[in-house]
Amino acid sequence: MKRLSATPWGVYSVWHRHAKVYQRTWLVNFLPPVTEPIMYLIAFGFGLSPLVGDITYAGQPVSYLRFIAPAMIAIGVLFQSFFEGGYASFIRLNFQKTWQALLTAPLSFTEVFLGDWLWAATKGMIAGSLTGLVAVIWGLYSPLNLLLSLPLMLLGSLLFGAMGLLTAGSVRQIDQINIPIFLLIIPMFTLCGTYFPRETLPPFLHAIATVLPLSSMIDLLRWNLGLQPYWWLQLLWLITLMLIFVSLAIRKIYPQLVK
Amino acid sequence: MLTLNPTTDTTALVAHALSKQYGETPVVQDVSFTLNFREILGLLGPNGAGKTTIVGMLYGGVAPSRGFVQLGSTQVQSDGRTARAKMGIVTQEDNLDPDFSVFENLLHFAHHYRVVGKAARKRVGELLAQVRLEEHAQKRIDELSGGLKRRLVLARALINHPHVVFLDEPTTGLDPDARQEFWKLVIDLKQQGCGVLLTTHYMDEAQRLCDRLLLLQQGQVIDQGTPIELIDRTIGKEVVEIEGVDEATLQALATQFNTWCRPFGSGYLLALPLVPTPLWDHLVAAQPQRLTRRYANLEDVFLRLTGKVLE
């Protein structure tokens, strides 16, 4: 159907609108969230490194800072793309009615949706890349590693952005966004092998943590330290989850706009 | 600017048998109409009559259960994006971008129509002049009054020189001066050749602006015509508002003089027959607390047809 079709210009135009808003308010919106994973890196790195020393990862001893650096990139991606897709899109959908306004222009629902989704992913990419850049400057991740990890960060940004959009489409009140944050985002942030290898968890928790998408994302971003034997399954898992979340998000948001 | 061939291009838009149902509840039932260029067509009805749902179906924001909308050679339901490129849509809700200035709101919206760079800045300047907002160009949205915001939403709808413009209750909540200002802009659009469709529950707005009206009740068109036709056909010329006389007396008089009577506010409304009768003298003789004789208006038409006043 033509109404579900998308042109590159339409998608870009919606993305461009969000980017222009961001450009206007970047000092407020940009610095605090981006500094968050960098602060974790600095605080846990300096604070815990002397206590932990080296860690054994994939059968190799690794310094604690080199261990957590890829995880901090993933955290930047997770927080920024999820919050943009969840919180900011909810505001645009329910308070500012931006989506409704865009649909009075010659834009299709698909274009408005894709523009929003890509913008959420862009925010994830900005945070992930800047955290990665700090890791590179610190000598914790090589520039080539960072460059080759960009497609992986994009996949993670799209996945977590889609989770955010599903949240925006599902919740009725803004406070309800806390539900996925406390039930999903915070457990992922703490349990998915961010600050310690998941193997130290009890088997039951270990199994749950491994299924959560941030684990796959972090494991894959640690490819320079060694990959899991089932790394291709992890990649497939991220792609599958992304497709599931994005189709659920469309199903939730479309009926709110085209009644 | 808009160029039209006056001999062949008279029909701007056709709505074919539009119906909308939510679950078992019908909201709009079998509504058909034509909107012409150089015309203001009004959808007049109380809140909940289905006006906004009809406008939604006209631009693709609401999917009809049955029926379709044709804009020139484009069918809105199958190609909404192409159709919307030729439409100007002013929705009821205020959905301006609070993060942008007045100027930027128009500039960034023009981007969606592929109007960018110098051309966009030029067009924004023209639009600000058209809706008389030049001196507010750099203001933030929260610094604008309700009337100025509505004018900005209208300007935003006009970016692409649309041939048809939909205004969904554009003056609701505005003070009388702001409404007058907005009405002038709507008349300008018509004079430029646009077909304008306006929904309203203000009788004076419909009477003052609209060339033709569709009267809506519970999703159905109950009558249509020019405001004068509707008043003449349904009411006649004059009505009487009367208080302090019991209904039985008034109904008896109405029957005697072959006219009608309806409860109206704290009293009753009676139509005066077109031919001279002694009805007025009878009413005076009944010694009412209040008795007013005035010209009939669209509110009376609505009361006569539906038994209800416009909310």
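Quick note: structure is the one above.
Just so it is clear, the model here is predicted, and its values are computed rather than measured. (Residues numbered from 1 in each chain as written. Chains lettered and ligands numbered in written order. Predicted model: local features only at pLDDT ≥ 70, side-chain atom pairs only at ≥ 80, totals over all residues. Heavy atoms only, no water.)

S.K.: Could you give me a rundown of the environment of A:Ile126, with the residues and numbers involved?
M.R.: All names here are of chain A. With respect to the helices, strands and loops of the structure, Ile126 is situated in helix α5 (residues 109–137). Given a relative accessible area of 23%, Ile126 falls into the partly exposed group. Between the alpha carbons of Ile126 and Leu201 there is a distance of 31 Å; along the sequence they are 75 residues apart. Dropping the residues within four chain positions of it, Ile126 is found in contact with Tyr22 and Phe30. (Helix = DSSP H or I, 4+ residues; strand = E, 2+ residues; numbered from the N terminus. Buried < 20%, exposed > 50% of the residue type's maximum accessible area, 1.4 Å probe, protein only. Contact = heavy atoms within 4.5 Å.)

S.K.: So what about the interface of chain A and chain B? Which residues, and what values?
M.R.: Of the residues lining the interface, 31 residues belong to chain A; the matching set on chain B comes to 32 residues. Interface area for chain A against chain B, summed over the two sides, is near 2,700 Å², with a carbon-plus-sulfur share of 55%. Counting the surface chain A buries against chain B, the share from its top three residues, A:Trp9, A:Thr104 and A:Pro106, is 25%. Where chain A touches chain B, the interface holds three salt bridges. For A:Arg24, the salt bridge goes to B:Glu104, with nearest N and O atoms at 2.5 Å. Run the count over chain A and chain B and you get 14 residue pairs in polar contact (both at pLDDT 80 or more). Secondary structure elements with two or more residues in the side of chain A that touches chain B: α1 (8–24) and α4 (98–102) of chain A. If one sorts the elements of the side of chain A that touches chain B by residue count, α1(A) sits on top with nine residues. Of the residues assigned to the side of chain A that touches chain B, the class counts are 13 nonpolar, 10 polar and eight charged. (Buried area = accessible area lost by both parts, 1.4 Å probe. Salt bridge = Lys/Arg side-chain N within 4 Å of Asp/Glu carboxyl O. Polar contact = N/O pair within 3.5 Å; in protein donor to acceptor, adjacent residues only side chain to side chain. Nonpolar A, V, L, I, M, F, W, Y, C, P; charged D, E, K, R; others polar.)

S.K.: Describe the environment of A:Asp116, listing the residues and the values that go with them.
M.R.: Residue and element names in this part refer to chain A. Tracing the sequence through the fold places Asp116 in helix α5. In this structure Asp116 comes out as buried when scored by relative accessible area, which is 0%. Each C-alpha atom of the pair Asp116 and Leu233 lies 28 Å from the other, and the pair is 117 residues apart in sequence.

S.K.: An account of the pairing of strand β4 (residues 66–71) of chain B is needed here, citing residue identities and associated values.
M.R.: Residues and elements named next belong to chain B. Here strand β1 (residues 11–22) runs beside β4; their pairing, made up of four bridges, is antiparallel. Residue pairing in the sheet places Ala15 in a bridge with Val69 of β4. In the sheet, β4 pairs with strand β5 (residues 74–75) via two bridges, with the strands oriented antiparallel. Considered in β5, the bridge of Gln70 is made with Gln75. Between β4 and β5, which pair antiparallel in sequence order, lie two residues; one of them, Gly72, sits at a positive phi of approximately 60 degrees. (Pairing = 2+ DSSP bridges.)

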